[in-house]
Structures are given as structure tokens and as C-alpha cells.
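Listed below, chain by chain, are the residues.
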Amino acid sequence: MQETILTTRRLAKTYVADGVQTHVLGSVDLELYRGDFTAIMGPLGSGKSTLLYCLSGMDAPTSGQVVFEGENIAQFNESRLSELRAQSFGFVFQAANLVSNLTLYENVAVPGYLKRGRSVGETRRVVEVWNICI
Ligand SMILES: Nc1ncnc2c1ncn2[C@@H]1O[C@H](COP(=O)(O)OP(=O)(O)OP(=O)(O)O)[C@@H](O)[C@H]1O
Ligand SMILES: [Mg+2]
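Note that this is a predicted model, so its numbers are computed, not measured.

Q: Quick rundown of the side chain of Thr 50? Include the residues and the values.
A: With respect to the element layout, Thr 50 can be found in helix α1 (residues 48-55). Since its relative accessible area comes to 8%, Thr 50 is described here as buried. In contact with Thr 50, other than residues within four places in its own chain, are Lys 13, Tyr 15, Val 24 and Leu 25.

Q: How would you explain the packing of aromatic side chains if you had to name every residue and give the values?
A: In the structure shown here, the tally under the stated rule is three aromatic pairs. Measuring from ring centre to ring centre gives 6.0 Å for Tyr 53 and Phe 91, while their planes differ by 20 degrees; the resulting arrangement is stacked. Of the two residues, Tyr 53 sits in helix α1 while Phe 91 sits in the loop between α2 (78-88) and α3 (104-116), which places them 38 residues apart along the sequence. Centroid distance Phe 68 to Phe 89: 5.3 Å. Interplanar angle 40 degrees. Geometry classified as tilted.

Q: Lay out the coordination of the magnesium ion (ligand 2) with the relevant residues and their values.
A: Within the first shell, the magnesium ion (ligand 2) binds the protein through Ser 49 (OG) and Gln 94 (OE1), at distances of 2.1 to 2.2 Å. With Ser 49 in helix α1 and Gln 94 in the loop between α2 and α3, this residue pair connects regions lying 45 residues apart in the sequence. Residue classification places Gln 94 among the exposed residues on the basis of a relative accessible area of 73%.

Q: Can you tell me about the sheet that holds strand β4 (residues 71-72), naming the residues and giving the values?
A: Across the sheet, which stays open at both edges, the four strands sit in the order β2-β1-β3-β4 with antiparallel pairing between neighbours. Either end of the sheet is taken by a strand with one partner, and the two such strands are β2 (20-33) and β4. Pairing of strand β1 (residues 4-17) with strand β3 (residues 63-68), which is carried by five bridges, proceeds in the antiparallel orientation. Note that in β3 the partner of Ala 12 across the bridge is Ser 63.

Q: Tell me about the environment of Val 20, and please be specific about residues and values.
A: By the element assignment, Val 20 lies in strand β2. When the C-alpha positions of Val 20 and Leu 114 are compared, they lie 38 Å apart, and in sequence the two are 94 residues distant.

Q: Any details on the pairing of β3? Residues and values, ideally.
A: If a strand is regular, its side chains alternate between the two faces of the sheet. Here two bridges tie β3 to β4, and the two strands are oriented antiparallel to one another. Among the inter-strand pairings, Phe 68 is bridged to a residue of β4, identified as Glu 71. Joining the antiparallel neighbours β3 and β4 is a turn of two residues, in which Glu 69 adopts a positive phi near 45 degrees.

Q: Please provide a residue-by-residue account of the site of ligand 1, values included.
A: Surveying the vicinity of ligand 1 reveals the residues Tyr 15, Val 24, Pro 43, Leu 44, Gly 45, Ser 46, Gly 47, Lys 48, Ser 49, Thr 50 and Gln 94. Interatomic distance of 2.7 Å between a side-chain N/O atom of Lys 48 and an oxygen atom of ligand 1. Within the backbone of Ser 49, a nitrogen or oxygen atom sits 2.9 Å from an oxygen atom of ligand 1. Calculation on ligand 1 without its partners gives an accessible area of 640 Å², and the protein chains cover 61% of this total. The dominant element in the shell around ligand 1, judged by the number of residues it contributes, is α1, at three residues. Of the residues belonging to the shell around ligand 1, the class tally is four nonpolar, six polar and one charged.

So, how was this worked out
- Residues numbered from 1 in each chain as written.
- Chains lettered and ligands numbered in written order.
- Predicted model: local features only at pLDDT ≥ 70, side-chain atom pairs only at ≥ 80, totals over all residues.
- Heavy atoms only, no water.
- Helix = DSSP H or I, 4+ residues; strand = E, 2+ residues; numbered from the N terminus.
- Buried < 20%, exposed > 50% of the residue type's maximum accessible area, 1.4 Å probe, protein only.
- Contact = heavy atoms within 4.5 Å.
- Phe/Tyr/Trp six-rings, centres within 6.5 Å; stacked < 30°, edge-to-face > 60°.
- Donors = N, O, S within 2.8 Å, 3.2 Å for Na, K, Ca; no water.
- Pairing = 2+ DSSP bridges.
- Near = heavy atom within 4 Å.
- Polar contact = N/O pair within 3.5 Å; in protein donor to acceptor, adjacent residues only side chain to side chain.
- Areas by Shrake-Rupley, 256 points an atom, 1.4 Å probe, with all protein chains shown as cover.
- Nonpolar A, V, L, I, M, F, W, Y, C, P; charged D, E, K, R; others polar.

See the structure below:
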């Protein structure tokens, strides 16, 4: 039997900017299973990134639920959300989203260092093994 890993119930997201409301997600019911590969497709500006931000706890939905491994992540405090993002989600952003005052090496190393609790030396070796350090 497939194991559910992530579920949304009536997930909705409305952005408000300069007094203008943009209703992006209406009422999304989604079920994702462990080990599955799922693609979210839709036209330009249809809300794919918005959905991924809500699923991963990077942004909060306006209403509805995101349940990850049986827990409603809306009830997580910032520290739990940070842990969730560091331990359970890998995210390749559409834009670069690099931290501007860090070097390329540091941008790559810092998440791995935080996630695995590796020492600086171990982190350096891992980054270099992946040949990312220039
Ligand atoms: N922070 C924001 N404030 C206001 N409106 C926003 C914000 N982020 C996105 N939007 C609007 O929400 C809608 C959905 O944006 P989103 O980036 O989720 O779409 P997308 O499907 O990922 O688009 P693309 O195909 O370009 O990647 C768009 O109309 C966008 O302009
Ligand atoms: Mg997008």
C-alpha cells in the first residue's frame, strides 16, 4: 500500500500587495506518496511556485491545511518550520536566491552544514567531492 507523505486540504492562497488581492490557489486537495515522482504543471503565473512554497513551509497558506507526515505544519513554530525545511525538503529555486554576502562555496556549504550538523572540515570535503567549489 502506498504511504501518504504530504496532503493538502482546501489549500488557498491570496496575495495582497498595494491593496490588490491576487487569488492564486483556490482550494487545492492534493495527496503525495513516499517514493513517487510528481510533476506540477500549469501555465505561466498559474501558481506552481506558490503551491511549492506552501507545501514546504516557506510561505503560509491563507486558509486550508498542509499535512506533512501526519502533522499540520500550520501549527509549527518558526524553529520547527526551519527544521522541516532543512531536514525534509530540497528546493531548487526558479531564481538564484543566493545569499549575496556569502561566496558561492559558502552558499553551497551552509545548508549542508546546518542540515547534517557536519564539522567545517567535513563540510569542506563534501562540497569539494561534489566539485562545486571553484
Ligand atoms: N509575493 C507576491 N505578491 C503578490 N503577487 C504575487 C506574489 N508572488 C506571486 N504573485 C502572483 O501570483 C501569481 C502566481 O505566481 P507564481 O509565481 O506562483 O506562478 P508560477 O506558476 O510559478 O509562474 P511561472 O510559470 O512564471 O513560474 C502570479 O500572478 C504572480 O504575479
Ligand atoms: Mg514559478
